[in-house]
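Inside the fold
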Amino acid sequence: MHVKKYLLKGLHRLQKGPGYTYKELLVWYCDNTNTHGPKRIICEGPKKKAMWFLLTLLFAALVCWQWGIFIRTYLSWEVSVSLSVGFKTMDFPAVTICNASPFKNFTSIFYPHYGNCYIFNWGMTEKALPSANPGTEFGLKLILDIGQEDYVPFLASTAGVRLMLHEQRSYPFIRDEGIYAMSGTETSIGVLVDKLQRMGEPYSPCTVNGSEVPVQNFYSDYNTTYSIQACLRSCFQDHMIRNCNCGHYLYPLPRGEKYCNNRDFPDWAHCYSDLQMSVAQRETCIGMCKESCNDTQYKMTISMADWPSEASEDWIFHVLSQERDQSTNITLSRKGIVKLNIYFQEFNYRTIEESAANNIVWLLSNLGGQFGFWMGGSVLCLIEFGEIIIDFVWITIIKLVALAKSLRQRRAQASYAGPPPTVAELVEAHTNFGFQPDTAPRSPNTGPYPSEQALPIPGTPPPNYDSLRLQPLDVIESDSEGDAI
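Observations concerning the pattern of salt bridges
Enumeration over the complete set of coordinates arrives at 11 salt bridges. Here D194 ties to R350 by a salt bridge, and the two come within 2.8 Å at their closest N and O atoms. Within this pair, whereas D194 is found in strand β10 (residues 185–197), its partner R350 is found in strand β14 (residues 337–356), the two being separated by 156 residues in sequence. For the salt bridge of D221 with R255, the shortest nitrogen-to-oxygen distance reads 3.9 Å.

A closer look at the packing of aromatic side chains
A complete count under the given rule lists 17 aromatic pairs for this structure. A centroid spacing of 5.4 Å and a plane angle of 80° characterise the contact between W77 and Y203, whose relative ring orientation is edge-to-face. Note that W77 is positioned in the loop between α4 (46–75) and β1 (79–86) and Y203 in the loop between β10 and β11 (206–207), a separation of 126 residues in sequence. Where F373 meets W374, the ring centres are 4.9 Å apart and the plane angle is 80°; that geometry is what we call edge-to-face. Following the ring pairs from residue to residue traces out a cluster consisting of Y171, F173, Y219 and Y222. Against the face of Y180 rests R162, its NZ or CZ located 4.7 Å from the ring centre.

Focus: the environment of A230
Mapping A230 onto the fold places it in helix α6 (residues 228–244). Residues A230 and Y171, spaced 59 residues apart in sequence, show a C-alpha to C-alpha distance of 7.8 Å. Beyond its immediate sequence surroundings of up to four residues, A230 is in contact with F173, N217 and Y219.

Topic: the packing of helix α3 (residues 36–43) against α4
Two quantities define a packed helix pair, namely the angle between the axes and the distance from one axis to the other. Remark: α3 packs on α4, axes separated minimally by 8 Å, with the N-to-C direction vectors making an angle of 160°. As summarised for this structure, α3 and α4 are arranged roughly antiparallel, according to the angle between their axes. The hand of the α3/α4 crossing is left-handed. Touching G37, P38, R40, I41 and I42 of α3 are K49, W52, F53 and T56, all from α4. Each residue belonging to the contact of α3 with α4 can be placed in one class, and the counts come to 5 nonpolar, 2 polar and 2 charged.

Thoughts on the pairing of strand β5 (residues 115–120)
In terms of burial, β5 is largely enclosed, as 5 of its 6 residues are buried. In this sheet, β5 lies alongside strand β3 (residues 94–98) in antiparallel orientation, the contact comprising 4 bridges. Within β5, the residue paired with C98 across the bridge is C117.

Observations concerning the packing of helix α2 (residues 22–32) against α3
The contact between α2 and α3 brings their axes to 7 Å, and the two run at 120°. The element α2 and its partner α3 pack so that their crossing is left-handed. Residues V27, C30 and D31 of α2 touch α3, and the partners they reach there are P38, K39 and I42. Per-class residue counts for the contact of α2 with α3 are 4 nonpolar, no polar and 2 charged.

Description of the state of the cysteines
Using the criterion set out here, one finds 6 disulfides in the structure. A sulfur-sulfur separation of 2.1 Å characterises the disulfide bridge that pairs C206 with C293. Of note, the bridge from C206 to C293 carries an S-S torsion of about 95° and is right-handed in sense. With C206 in strand β11 and C293 in the loop between β12 (291–292) and β13 (294–306), this residue pair connects regions lying 87 residues apart in the sequence. C293 sits in the buried class, given a relative accessible area of 3%. Put simply, C246 and C260 are joined by a disulfide, and their sulfur atoms are 1.9 Å apart. Since a negative S-S torsion denotes a left-handed disulfide, the C246-C260 link at about 90° is right-handed. Note that C246 is positioned in the loop between α6 and α7 (268–276) and C260 in the loop between α6 and α7, a separation of 14 residues in sequence. With relative accessibility at 16%, the residue C260 sits in the buried group. Counting its disulfide-bonded cysteines in sequence order, the chain shows a connectivity of 1-2, 3-12, 4-11, 5-10, 6-9, 7-8.

Considerations on the pairing of β14
Two strands pair when backbone bridges link them, and β1 and β14 are joined in this way by 8 bridges, in the antiparallel orientation. Considered in β14, the bridge of G86 is made with Y349. As paired strands, strand β7 (residues 140–145) and β14 are joined by 6 bridges and run antiparallel to one another. Paired with L142 across the two strands is L340, which belongs to β14. Direction of pairing for β10 relative to β14: parallel, over a ladder of 11 bridges.

Conventions adopted
Along each chain, the written sequence defines residue order, and numbers are assigned to residues from 1. The predicted origin of the model limits local features to residues at a pLDDT of at least 70 and limits the giving and counting of side-chain atom pairs to 80 or more, whereas totals for whole chains, interfaces and linings rest on all residues. The side-chain figures draw on all heavy atoms in the structure; neither hydrogens nor water molecules are used. Definition used for salt bridges: Asp or Glu carboxyl oxygen within 4 Å of a side-chain nitrogen of Lys or Arg. Only runs of H or I of at least four residues qualify as helices and only runs of E of at least two qualify as strands under DSSP, and these elements are numbered from the N terminus. Stacked, tilted and edge-to-face pairs are distinguished by plane angle, under 30 degrees for stacked and over 60 for edge-to-face with tilted covering the rest, among Phe, Tyr and Trp rings (Trp via its six-membered ring) whose centres lie within 6.5 Å. The rule is short: NZ of Lys or CZ of Arg within 6 Å of the ring centre and within 35 degrees of the ring normal puts a charge over the ring. In what follows, a contact means two residues having at least one pair of non-hydrogen atoms within 4.5 Å. Axis lines are fitted to C-alpha atoms, over the contacting stretch for helices. Their N-to-C directions set the angle, which ranges from 0 to 180 degrees. Working rule for angles: under 35 degrees goes down as roughly parallel, over 145 as roughly antiparallel, 65 to 115 as roughly perpendicular, anything else as oblique. In this scheme the handedness of a crossing depends on how the near helix is turned from the far one: anticlockwise by less than a right angle means left-handed, clockwise means right-handed. Polar here means any residue outside two lists: the nonpolar Ala, Val, Leu, Ile, Met, Phe, Trp, Tyr, Cys and Pro, and the charged Asp, Glu, Lys and Arg; Gly therefore counts as polar. Exposure categories follow from relative accessible area, calculated using a 1.4 Å probe and restricted to protein chains: below 20% of the type maximum is buried, above 50% is exposed, and the middle band is partly exposed. At least two DSSP bridges between two strands are needed for those strands to be called paired. Throughout, a disulfide means two cysteine sulfur atoms within 2.5 Å of one another.

Just distances and angles here, no functional claims.
So, in C-alpha cells, the structure goes:
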C-alpha cells in the first residue's frame, strides 16, 4: 500500500509540469527560454512565425554541424610538436664496439654476427659517465687492434670495426643500427643529442615500458629497457618456436626451449626460410609491437683521415708493438689498427615533445562560441533544453500510465458477457441454506407441529433493490484512483 501511495503521489507531481501535451510543453519552452529564436515563433504573426521557425531551424542545424566537426576533430587526438633546446651536463652515450680484443672498462657481450663485442659506459653496474664540455679533448679516444691477420676468409669479408651509439641500459642491435670504421684511419664522430617525448595513448601508439605490449620480451634477461627492435625480434622468435618447434640462434631463447640444430630438427632451415619471407608474420609483429614513448637519438657527424701518417707511423707502430707484445720490433701494420674519437659536437640537446593539439578547453570554447554566435545561447540555454527533454519524458510516462489504465479497464469489462448482476441476485447466489425451513417428510410416529403452521424463516430477508447495479471491482478501484489523482 505504501508503494502504491508513493507512485500515486509521484504521478501527481508529474502532472503538475508545464503542460499535459507535447504542444503545451513546446509553447511553454518557447515562451520561457533564453534562446532568442524560439521566443519570436510564438510572439509574432503567422508570416513572421514561419520565417522565425525556418531561421531557428537553419541556425540550429548549423550549430549541430559545427559541433560535429569540432567533436570529430577533438576525437582524432591530433598532436602538435614543439622543439626546445637545452644546455646542461649530459651522460656520455653507451658505445658498443665489435671485434676480438677486450678493452678496459668495457662490458663484454656476445653477438652472433660479430663474436665478442664490448660496451663502454653501458650503465648496468656503474653510474653512467657524464661529459662536461664539447670537443674531442673531452670525449672517448680509442686505438683498436682488429687483428686482421686472424680473420677467417669464408666468414668475414669486411675489415674494420662495427660500432654503435645508444642509450644506457638499452640492448645494442649493432647489425641494423651500427656503422663501420675503416682500418688504417682516424675516425672522428661528433654527436648531437635529440630527445623524443611522445604523449602515449590515445594520441600516439607508443608504450612507456612495454608492459601493455602482448609480446614477451626475450631480451629482458639482459636487464635492458624496452625497444621496438627487441619486441620485433622477440615476436619473430616466438613464431619460430611455435611453427618450427625450436628457436633461432640469432635471438635469445626462452626458458625450456631449444635452439635449432640439424640433428634434432632436420627441417628447421626450410621452416625458418618460409617464416622469414612471410609477409603475414611480419605484419602481425608490427601490429603488436609499439614504439617507445621516450627515446634518445644520437645524430653522428663522421669524418676520417689516414692514420698514422707516413712521417709518424714508424714510432707509433713501435710504441703500440711494445704495449701489445713487449717487443722492440714492429708487430703491427696499418691494416690492423683503427683510431676512434667520439665526442659531443655541441654541448646542447634538442627536445622534441608532443602536446595535445586540441584539448578540452579548446573544445568547450569552440562549442560555446558557435552556439552563442548562431543561436545567442549559453550554458543556461543548454540546461533549459535538457529540462524540456526531461519534461518530454515525464509526459510520455503519463501517457503510458493512462494507456495502461485504459487497457486494464477494457480487459475488466470484457470479462463480463452481460450486464452486471443486481444486489438481490448476488444475495440469492450466496444464501445460507442452513436457515431455510425444514421441508423434509416427517416420520409417521412424530406428531404434527402446533397449529400445523410452517416454521418461520429466521432472520430478516434483505430488500430487493433490483434497480441497483454493481460495477466490477477493477472498475471501481480504477475510478477511486482517478479521483485520488
